[in-house]
Amino acid sequence: MIVWNEQFKTGSDALDKQHQMLISNINHLEALLTDTNPTRDSCEFLIHLVDFLESYAKRHFQDEEECMRLHRCPAHAKNKADHVVFIAFIARFKADVRHKGLRPESLANLHQSMSQWIQEHILQVDTQLLPCLNAAN
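Residues numbered from 1 in each chain as written. Predicted model: local features only at pLDDT ≥ 70, side-chain atom pairs only at ≥ 80, totals over all residues. Heavy atoms only, no water.

1. Considering helix α3 (residues 76-100)
Line of reasoning, step 1. With 25 residues, α3 ought to run about 36 Å at 1.5 Å a step, and its terminal C-alpha atoms sit 36 Å apart, in line with that.
Line of reasoning, step 2. Among the residues making up α3, those that are buried are His76, Asn79, Asp82, His83, Phe86, Phe89, Ile90, Phe93, Asp96 and Val97.
Line of reasoning, step 3. Turning to α3, the residues buried within the fold contact α2 (40-70) and α4 (104-124).
Line of reasoning, step 4. A positive phi of about 85 degrees marks Gly101, the residue just after α3. (Helix = DSSP H or I, 4+ residues; strand = E, 2+ residues; numbered from the N terminus. Expected span 1.5 Å × (residues − 1). Buried < 20%, exposed > 50% of the residue type's maximum accessible area, 1.4 Å probe, protein only. Contact = heavy atoms within 4.5 Å.)

2. Brief notes about the nonpolar core
Line of reasoning, step 1. Ranked by size, the top nonpolar core spans 27 residues in total, and within it Leu22, Leu53, Phe86, Ile90, Leu110, Met114 and Ile118 carry the most contacts.
Line of reasoning, step 2. In terms of residue count, the dominant contributor to this core is α2 (nine residues).
Line of reasoning, step 3. The residues contacting Met114, other than those within four sequence positions of it, are Ile26, Leu53, Phe86, Phe89 and Ile90.
Line of reasoning, step 4. One finds Cys67, Val125, Leu129 and Leu133 within the second-largest nonpolar core, a separate group that totals nine residues. (Core = buried A, V, L, I, M, F, W, Y, C linked by side-chain atoms within 4.5 Å.)

3. Comments concerning helix α1 (residues 13-33)
Line of reasoning, step 1. The end-to-end C-alpha separation of α1 is 30 Å, in line with the 30 Å expected for 21 residues at 1.5 Å each.
Line of reasoning, step 2. Taken as a whole, α1 has its buried residues at Leu15, Asp16, Gln18, His19, Leu22, Ile23, Asn25, Ile26, Asn27, Leu29 and Leu32.

4. Concerning the state of the cysteines
The bond known as a disulfide is covalent and runs between the sulfur atoms of two cysteines.
Line of reasoning, step 1. Considering all chains together, one arrives at zero disulfides under this definition.
Line of reasoning, step 2. Not engaged in a disulfide, the cysteine Cys73 finds its nearest cysteine sulfur in Cys132; these two sulfurs lie 4.0 Å apart.
Line of reasoning, step 3. For Cys73, a relative accessible area of 5% puts it in the buried group. (Disulfide = S-S within 2.5 Å.)

5. Section: the packing of aromatic side chains
Line of reasoning, step 1. For the coordinates displayed, the defined rule picks out six aromatic pairs.
Line of reasoning, step 2. When the ring of Phe61 is compared with that of Trp117, the centres are 6.0 Å apart and the planes differ by 45 degrees; the resulting orientation is tilted. With Phe61 in helix α2 and Trp117 in helix α4, the pair connects residues that are 56 residues apart, well separated along the chain. Residue Phe61 shares its accessibility class with Trp117, and that shared class is buried.
Line of reasoning, step 3. Members of the aromatic cluster, joined through ring pairs, are Phe52, Tyr56, Phe61, Phe86 and Trp117. (Phe/Tyr/Trp six-rings, centres within 6.5 Å; stacked < 30°, edge-to-face > 60°.)

6. Focus on unusual backbone geometry
Line of reasoning, step 1. Despite not being glycine, Arg72 has its phi angle at roughly 50 degrees, a positive value.
Line of reasoning, step 2. Here Arg72 lies in the loop between α2 and α3.
Line of reasoning, step 3. Residue classification places Arg72 among the exposed positions, given a relative accessible area of 73%.

7. A look at the confidence of the model for the protein
Line of reasoning, step 1. Taken residue by residue, the protein gives an average pLDDT of 92. The fraction at 70 or more is 100%.
Line of reasoning, step 2. When pLDDT is averaged over each element of the protein, α1 comes out on top at 94 and helix α5 (residues 129-136) at the bottom at 90. (pLDDT = per-residue confidence, 0-100.)

Below, the structure written as structure tokens:
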């Protein structure tokens with residue numbers, strides 16, 4: 001489980017709340033990976049998770065990229081490049097699910113990839129926004 005802490009802060013309450021929502025969904029996915037008898041709600045969550053990740057990427061990435069651009073964050077270009085990789089991963093995952101269904105190994109890969117994304121991207125790229133926003137205030 002990923003636990004939100006001060007290290008994740010970007011300086012933007014809106015972006016931080018969006019990150020917290022992503023972490024919450026990935027933690028929920030982790031809990032379901034060990035469930036040998038999933039409920040209907042669990043299955044529905046898994047089905048809607050891909051839609052959440054797509055809509056999250058569209059809205060959050062747009063907000064974050066604009067914020068970085070406006071505040072001249074030095075991580076802006078790296079941020080945009082990472083977002084392209086995230087979107088491509090979600091598209092491949094969605095295509096895999098469409099062809100093969102929601103398989104446990106696909107869900108485990110999704111969890112591992114999203115957990116890695118949170119650890120690497122948010123903590124190493126997004127947090128570079130903090131000093132830019134602090135300087136603006």
